[in-house]
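What follows is each chain in one-letter form.
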Amino acid sequence: MNQHDVIIVGGGHNGLTCAAYLARAGKKVLVLERRERIGGAAFSEEVFPGFRFSVFSYVVSLLRPEIIRELELPRHGLQILPLESTLTPLANDDRLVQWSDHDQNRAELARHSPRDAEAYDEFGLLLHRMARAVKPLLSVAPPDPASLDPRELFDMLRVGRHFRDLPPKDLHALWKLLTMSAADYLDEWFESEALKGTKAASGIIGTMLGPRSPGTAYVLLHHYMGELDGVFRAWGFAKGGNGSVSAAIAAAAQAHGVEIRTQASVSRILVKGGRASGVVLENGDELHASTIVSGADPRRTFLGLVRAENLPADFVAAIQRYKFRGASAKVNLALGELPRFTCMPEPGPHMRGAISISPSVDYLERAYDEAKYGEFSKRPYMDIVIPSMLDPSMAPPGKHVMSIFVQYAPYHLTGGWTDARREEFGDTVVNTLAEYAPNLKNAILHRQVVTPADIERVLGLSEGNIFQGELSLQQMFFLRPAPAWARYRTPIHGLFQCGSGTHPGGGVMGASGRNAAMEILGVRA
Amino acid sequence: MLKTTPLHERTAALCVSHAWRRWAGHVVASSYELTHEREYHVIRVAAGLLDVSPLYKYLIRGRDAGRLLDLVVTRNVMRAAVGQVLYTPWCDHAGKVIDDGTVARLDEQLFRMTSAEPSLRWLQDNAIGMQVEITDVSDATAALSLQGPMSWSILQSMGAPSLKYFRITSATLRGIPVTISRTGYTGDLGFEVWVDAAQALPLWDALIDAGRGYGIMPTGLLALDIARIEAGLMLIDVDYVPARKVLIESQLSSPFELDLAWTVNLDKERFIGRQALADEKARGPQWLFVGVEVDWSSLERLYQEVGLATRVPAAAWRMSVPIYAKGEQVGYATSGAWSPLLKKYIALAHLQAPWAKPGTQLEMEITVEHRRKRAAITVVKKPFFDPPRKRA
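Source: prediction; values computed, not measured. (Residues numbered from 1 in each chain as written. Chains lettered and ligands numbered in written order. Predicted model: local features only at pLDDT ≥ 70, side-chain atom pairs only at ≥ 80, totals over all residues.)

Q: What is the right way to look at the overall build of chain B in this model?
A: When you go through chain B residue by residue, the secondary structure sums to nine helices and 20 strands. For chain B, whose C-alpha radius of gyration is 21 Å, the value lies close to the compact-globule estimate of 21 Å for 392 residues. Dimensions of chain B, computed from the C-alpha atoms along their principal axes, are close to 60 × 50 × 45 Å. Residues counted as buried form 49% of the 392 residues belonging to chain B. (Helix = DSSP H or I, 4+ residues; strand = E, 2+ residues; numbered from the N terminus. Rg over C-alpha atoms; globule rule 2.2 N^0.38 Å. Buried ≥ 20, exposed ≤ 12 C-beta atoms within 10 Å, placed from the backbone.)

As structure tokens, this is what we get:
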């Protein structure tokens, strides 16, 4: 007799989400987490006394609102605070701020380009329509167009009908979005360098691609997805940091009877006669269940936890080709006072939004150039938030925490990541930012630098890729993580995947975890 | 001319949006910033500072002060301890609600009552033969509401004594004499600070200064409206018609019909409306005031049919919206909002008793692209949001 129906390997937010949904449907679920804490990349820690950080993952991008509702996450402490604006500081003490208020935004854009100010709404409207066109793909298991499985054919039909109903001009626009680079696409719309740079930046996050690499335009869409769920300004910050997202999902899962064990590292998934039958822990314990779900990334799951002899050779080859190439790093700062950006020195609402170091497309592309040849960017792109401005409990009164997402910091750094290179990189980040906010250096009380190598070492994410594999078009939808195995199933009967390495992947969305649970339960999404 | 509150000098300077709302003959900020969104979140994550001075306030003093209030309101005032605050409705002789507010026992023989409507005449008329002095201190007393999880940290940093839920105390904040009650209209941890109108501006400045490190923000009524709906708290003239403004009988509401059965203390020998309320209790109320949640997928479908992304109201609404069961109208919603916290479209509604049980599936009218549609809704328990910190 198995004590559990389902064992989930990995207590990241997707594993926990999957567990909660399975338990809600009556399954007995055990979650095994290697680390001493749950949450995977989504956790908060008091790194420096009195200062709480979302050490790794730092914003809530597109956490599915149905998950928030269905698992009653607010009851378990989840609150998402909107990031309201994006400030792009520029040379000569100028700046571009994108505000959530329409009139304020238009006036600011017009200062840079009256044409862009007019184009902005039209651009937004088009992307809204595109997002609507793509959205049905996000909440379902992606059908494989080559499959003959009647269920997949039905889904394909549904998706096909959906695309058939799109007006031709939307279909054409969608095709462009799927194939173009962010830079080229934005060139068709805007002339202001600061606006194009900042918008293009959202197309490269987490990916070893530059704004001029084809396929990056598609990611622009993601910023408009949230609107469709009534989650206006979907990009937000979780009260208490991203650890609160995991904690709320875990609490919901436990309320449904899920058992969570930490410091329980799985070394192997047991397979008997082509069927998953259990797991072996590092301490030698064997645990059995008829369904095993892996929240680990595809490489760790199929080239680590499962023996290659249990898998078809072409599948193993596909997983070996699946690209990770972590490209981003984090610098977390504890600050004694707010940074004073010379372009907007007084504290104000602009400090409650994102701050983007992306003055132009060229700036980003140059940052990428260095990374292509194994160096970190000398003048990197940064996406900065000051969570304590939104949630004062993150830092002592009057003091602040600053989270800096940095790109590019290639996993494959020439000479490798060492402690010295990490600090050198940290200095580069602080020096670059201090050009815009000169008081920064003196305000720093504590600095934490997290490189892709650290991400891999601490979280077990291969090559430090924050999305469990690059979000590039050849690895998305029915190709994620491998052709013919995108519906959370694997070549091993009873073994499923629920991590960000499956469709739709990426960010703190929870969609992979929920979709996987639906697939396991045989529920049509 | 509309009146301004004692805090107007500060609030007007901060009101970037130029959006004002009338409240009891005063103007008060609807939102300070261009949109009210951040002000809403501040209530739930930090501390919002609201000017609630337009409330009507009365001091009731004297040997019979407790007896008068006990006669007027439905709750037991005689049993209230010094330092206790009661939320309570009060009724006419037919047991229909006239108003709702708070009664605070400041001392053995001294109370402060707050109300939404002027109440001096009603108090005086019922005090005949009693040894009691009733003073309208509405203009003389300013009130600031500090609401949100950081509200206590701010007051504590200013040396305020700790306070239990629905208790009141006198205190001195940076040299300013005040009374502080742990009350509010948000369903969150929160306090209301009562101060002599002449000291209102220095108190505002002191709170803003002390609150700076705790994320304090001036907050307007649009944000408050969402918070109070999440808290399941009704609003006079919106969710019920006070008995004195009623033109036809069906507009009247009893406390039972407003989900205030818990405030009706029939153990009291005598209070206005007692007999009618005792009869109604025996009969069972015809209507109930409940929370409803709109089913998201149902709403989504209605918008999908016309090719639009689902829309939710940007601000709380206040109107009467029909609710149906199997095609028959069985009630109406009076307040609704998209809860940014719960990611749910919620509403407060009056339903005929047989349809008011939690879990009941009904339909609510939704206008989609100019056409009246019906979305599935579920009756749920109020409050929609009830954080432990509220009482902790």
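Q: Please explain the confidence of the model for chain B as it appears in this structure.
A: Per-residue pLDDT for chain B has a mean of 97; in total, 100% of the residues score no lower than 70. Complex prediction metrics read pTM 0.93 and ipTM 0.90. (pLDDT = per-residue confidence, 0-100.)

Q: Where do I start with the sheet that holds strand E10 (residues 141-147) of chain B in this structure?
A: The strands making up a sheet are joined through hydrogen bonds of the backbone, oriented either antiparallel or parallel. All names here are of chain B. Strand order across the open sheet formed by six strands is E11-E12-E13-E10-E4-E14, with mixed pairing between neighbours. Each edge of the open sheet is held by one strand with a lone partner, namely strand E11 (168-173) and strand E14 (216-218). Between one strand axis and the next, the sheet turns through 30° on average, direction left out of account. As paired elements, strand E4 (residues 47-51) and E14 share three bridges and run parallel to each other. Its bridge partner being in E14, Leu49 is matched across the sheet by Pro218. On top of the sheet, helix H2 (residues 37-45) reaches E4, E10 and E14; it is set at about 115° to E4, its chief contact. (Pairing = 2+ DSSP bridges. Axes fitted to C-alpha atoms, helices over the stretch in contact; angles between N-to-C directions. Contact = placed C-beta atoms within 7 Å.)

Q: What is the right way to read the interface of chain B and chain A from this model?
A: Of the residues lining the interface, 23 residues belong to chain B; the matching set on chain A comes to 24 residues. Sort the elements by how many residues they give to the side of chain B that touches chain A and H2(B) lands first, with five residues. Classifying every residue of the side of chain B that touches chain A by side-chain character gives 12 nonpolar, five polar and six charged. (Nonpolar A, V, L, I, M, F, W, Y, C, P; charged D, E, K, R; others polar.)

Q: Would you mind going over the sheet that holds strand E18 (residues 344-352) of chain B with me for this structure?
A: All names here are of chain B. Within the closed barrel, the six strands sit side by side as E15-E18-E17-E16-E19-E20. Their pairing is antiparallel. Pairs of neighbouring strands in the sheet enclose a mean axial angle of 40°, with direction left out of account. Along the sheet, helix H7 (residues 221-230) contacts strand E17 (328-339) and E18; its crossing angle with E17, the most-contacted strand, is approximately 125°.

Q: Quick question: what am I supposed to make of the domain arrangement of chain A here?
A: One widely used convention gives an interface's size as the accessible area the parts lose upon coming together. As assigned here, chain A comprises domain 1 (6-43 + 55-81 + 238-321 + 472-521) and domain 2 (103-203 + 210-227). Taking the mean C-alpha position of each, domain 1 of chain A and domain 2 of chain A sit 28 Å from one another. (Domains from an automatic or database assignment.)

Q: Help me understand helix H18 (residues 452-459) of chain A, please; the structure alone is not making it clear to me.
A: Residues three or four positions apart in an α-helix share a direction because the helix packs 3.6 residues into each turn. Residues and elements named next belong to chain A. Every buried residue of H18 is listed here: Pro452, Ala453, Ile455 and Leu459. Where the residues of H18 are buried, they touch strand E14 (328-335) and strand E18 (444-450). Residue Gly460 follows H18 closely and has a positive phi angle near 75°.

Q: I'm lost on the pairing of E4(B) in this one. Help?
A: The two faces of the sheet receive side chains in turn, since in a regular strand these alternate between them. All names here are of chain B. Taken across its five residues, E4 has five buried, putting it largely inside the fold. Both faces of E4 are covered, namely the face carrying Ala47, Leu49 and Asp51 and the face carrying Gly48 and Leu50. Sheet topology places E4 next to E10; four bridges connect them, and they run antiparallel. Its bridge partner lying in E10, Gly48 is registered against Gln147.

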